[in-house]
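# Summary of structural features
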Amino acid sequence: MSSYIGRRILQGIVVLFLVSFIAFIIFQYLGDPVMTLAGRYATQAQREEVRQSLGLDKPFYVQYFNFLKNALQGNFGMSYVTRVPVLDLIAERLPASIELAFVAESFAVIVGVSLGVFVSANPKSIMSKFMMTGSLFGVSLPTFLVGILLIYIFSIKLGIMPSSGRGETITILNFWRSGLLTLDGWRHIILPAFTLGMFQMALLFRITRGAMLEVLSAEYIRTAWAKGLRGKMVLFKHALRNALIPVVTMIGLQFGQLIGFAIVTESIFQWPGAGNLLLNSLYESDFPVVATYVIIVALIVVLLNVIVDISYAFLNPKIRYK
Amino acid sequence: MFSKINELRESKIYKHFVSQPLAVGALIVITLLFLGAILAPVIAPQDPYAMEKLSLGDSLLPPIWMEGGKAPFILGTDVQGRDIFSTILYGSRTSFIVGISVVTISGIFGGAIGLFAGYFGGIFDSIVMRSADTVLSFSKTLIAMLLLGIFKHSSILLVILAIVISDWVQYARTIRGEVLSVKEEEYVLASKAIGGTHLRTIFKHVLPNAISPLLVVGAVDFGIAVMLEATLSFLGVGVPVTQPSLGMLISQGRNYLYAGKWWLIVFPGLTLMAIVFSLNLISDWLRDEIDPKVSNI
């Protein structure tokens, strides 16, 4: 098992190197740091000075090495627009994004998996057929449309839900501004979390159902039924545990997708998260922010994949003992 | 002629198809929408992008069945007096162009890579599959958004390429998995044994037996590409402003929704949903038809 996990970690490191290289290109070559730092009316000599201070006169690999060294020390340069260290800018926005993703994903997993188990236990009922088609409809709805329609119905027509922002937040541990500790914060997170989680929910529902149906037709389940175990016992202890393997994999795989959808959701609900920051930085060509965001996302995705691989090994003895 | 039709009627695939009313409905809907997109210049009551034909007097008219509605604006007009029905017809053209191009390019490119990776195995296979895993773990939306946002230049071709760059992966993975099992079959071994070249074996024996799951992937992917293009255009990094697109229509209508002008968003939104939902229904049906054992995802 350790060689399996070791291989996965190694693979993750290779990915991070590749992504850091792409981020370096965005940072160093797409933006024009010299122009930004020296100003539009700088003389040739002044520009040259800035170039040297940034190390832009050095060979390519030296520049890349310096970029990596700085990145590892948490130094990603300044935002072109706000003149604030990029990492601070993103770190300030990250808690909002993580809380939104967490609530959305929890909602998706709890509702999606429960519905999936229900449908697999009653495959012939009308409710199940209805839910299967409904879930197909759920994966056909674009995130942005769901968000807009929810705002229209609940914020504008009914006026019972706020349409933007995080509401009241409380700072914990000096750096984490949390909206999950106030009622107002929860009121604000419901619509965006539902918007973000709906697609995943529908997907997890379909995957759980598929995996359960496959497991339920296995011999050992028939044995469990035959020896007279209670329905709940068979369903949850014997079947679900095995059906969860593809579900866990899918949750891990889909988290990357969640980050993409989160950008759209944050933009619609004016959620003060990192995704919204990225979108604005793209509009304003604030490349240091874009490059740093890319690295942080890659770091999160790679870490999560390693965690999924490890939990996969725990769920599946075939891998554990290889 | 008639015997052919009767033959078709007797065939299994036809019988299964007709027994699935949802799939039949979906196929009819998508065909109608496709025809509408192709024939937009003929059937649209107005060319919504000929500025001289627009009249501000027709600005923000509601759909025709509501009070204040006016012919020929069946589904109402936007702030510039554009007929919504016409803009939808033109906008869905972009959706279909992007969808068809993405599926074709990704399918051929990803399919070929997966085919060779699965057949030959080895280092090439490992590299392809590891990079596929990597691309898959990132969001297609994010990758396309970054590419288009960074280069600040938009065209329909760039949108297609920005989607394809991460989209080919699932075709490659699907066909590779299929090839891995097909290549152990006796007829493939036989082809090699009688001295068939690799190319002959691949294209004559492996490919025809490994390609059908790509149909399912293609149908789902078509919907995803359409949705992605709409999302990118909604965010302002998709097709250029001069190009009609459902996503952009929704983005423009957004401000008026808050003022109660729901038709600016609801009709383009419904069209988008109808395209994606029909494609998903069709792919669901195809999946059952091609391999009933594959779990419904």
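Note that the structure is a prediction, hence the values are computed from the model and not measured.

Rules of the game
Residues numbered from 1 in each chain as written. Chains lettered and ligands numbered in written order. Predicted model: local features only at pLDDT ≥ 70, side-chain atom pairs only at ≥ 80, totals over all residues. Helix = DSSP H or I, 4+ residues; strand = E, 2+ residues; numbered from the N terminus. Buried ≥ 20, exposed ≤ 12 C-beta atoms within 10 Å, placed from the backbone. Contact = placed C-beta atoms within 7 Å. Axes fitted to C-alpha atoms, helices over the stretch in contact; angles between N-to-C directions. Parallel < 35°, antiparallel > 145°, perpendicular 65-115°, else oblique. Left-handed = near helix turned anticlockwise from the far one by under 90°. Nonpolar A, V, L, I, M, F, W, Y, C, P; charged D, E, K, R; others polar. Core = buried A, V, L, I, M, F, W, Y, C linked by C-beta atoms within 7 Å. pLDDT = per-residue confidence, 0-100.

### Some remarks on the overall build of chain A
Scanning chain A from terminus to terminus reveals 13 helices and 2 strands. Seen through its C-alpha atoms, chain A measures out along the principal axes to roughly 85 × 55 × 35 Å. Taken over 322 residues, chain A has a buried fraction of 39%.

### Examining the overall build of chain B
Assigned secondary structure in chain B consists of 13 helices and 0 strands. Dimensions of chain B, computed from the C-alpha atoms along their principal axes, are close to 75 × 55 × 30 Å. Sorting the 297 residues of chain B into buried and exposed places 46% on the buried side. Considering only residue pairs separated by 6 or more positions, chain B has 69% of its internal contacts joining residues 24 or more positions apart.

### Some remarks on the packing of helix α9 (residues 186-193) of chain B against helix α10 (residues 198-210) of chain B
All names here are of chain B. Across the interface, α9 lies against α10 with an axial gap of 10 Å and an inter-helix angle of 160°. Judged by the inter-axis angle, α9 sits roughly antiparallel to α10. As for the relative orientation of α9 and α10, their crossing is right-handed in sense. Note on element contacts: α10 touches α9 through Thr201, His205 and Val206, opposite Tyr187, Val188, Ser191 and Lys192. In the contact of α9 with α10, the residues fall into 3 nonpolar, 3 polar and 1 charged.

### Concerning the environment of tryptophan 285 of chain B
Residues and elements named next belong to chain B. Looking at the element boundaries, tryptophan 285 is found in helix α13 (residues 263-290). A sequence separation of 262 residues divides tryptophan 285 from alanine 23, and the C-alpha atoms of the two residues are 6.4 Å apart. Leaving out residues up to four positions away in the same chain, tryptophan 285 has contacts with Gln20 and Ala23.

### Considering the nonpolar core
Counting 160 residues, the largest nonpolar core has Leu100 and Val294 of chain A as its most contacted members. For valine 294 of chain A, the residues in contact, after removing those within four places along its chain, are Val19, Ile22 and Ala23 of chain A together with Leu146 of chain B.

### Description of the interface of chain B and chain A
Contacts between chain B and chain A engage 37 residues on the former and 39 residues on the latter. Listing elements by their share of the side of chain B that touches chain A, those giving two or more residues are α6 (122-137), α7 (140-151), α11 (212-235), α12 (246-257) and α13 of chain B. In terms of residue count, α13 of chain B provides more of the side of chain B that touches chain A than any other element does, 9 residues in total. Classifying every residue of the side of chain B that touches chain A gives 22 nonpolar, 11 polar and 4 charged.

### Observations regarding the environment of isoleucine 189 of chain A
Residues and elements named next belong to chain A. Position of isoleucine 189 relative to the elements: it lies in helix α8 (residues 183-216). Given 24 C-beta atoms within a 10 Å radius, isoleucine 189 is considered buried. Residues isoleucine 189 and glycine 165, 24 residues apart in the sequence, show an inter-C-alpha distance of 8.6 Å. Setting aside residues up to four positions removed in sequence, isoleucine 189 forms contacts with Glu99, Leu100, Val103 and Gly179.

### Looking at unusual backbone geometry
Residue and element names in this part refer to chain A. Phi at glutamine 270 is positive, roughly 50°, even though this residue is not glycine. Within the fold, glutamine 270 resides in the loop between α10 (231-268) and α11 (274-283). The phi dihedral of serine 285 falls on the positive side, at around 55°, and the residue is not glycine. Along the chain, serine 285 turns up in the loop between α11 and α12 (287-315). Classification of serine 285 as partly exposed rests on a count of 17 C-beta atoms within 10 Å.

### Considerations on the confidence of the model for chain B
Residues and elements named next belong to chain B. Per-residue confidence for chain B gives a mean pLDDT of 85; residues scoring 70 or more make up 91%. Across chain B, helix α5 (residues 84-120) holds the top mean pLDDT of 93, while helix α1 (residues 2-10) sits lowest at 65. Here residues 293-297 is modelled with pLDDT under 50, and outside its nearest four sequence neighbours on either side it reaches 13 contacts, counting other chains as well. Scored by ipTM, the complex comes to 0.84, with pTM at 0.86.

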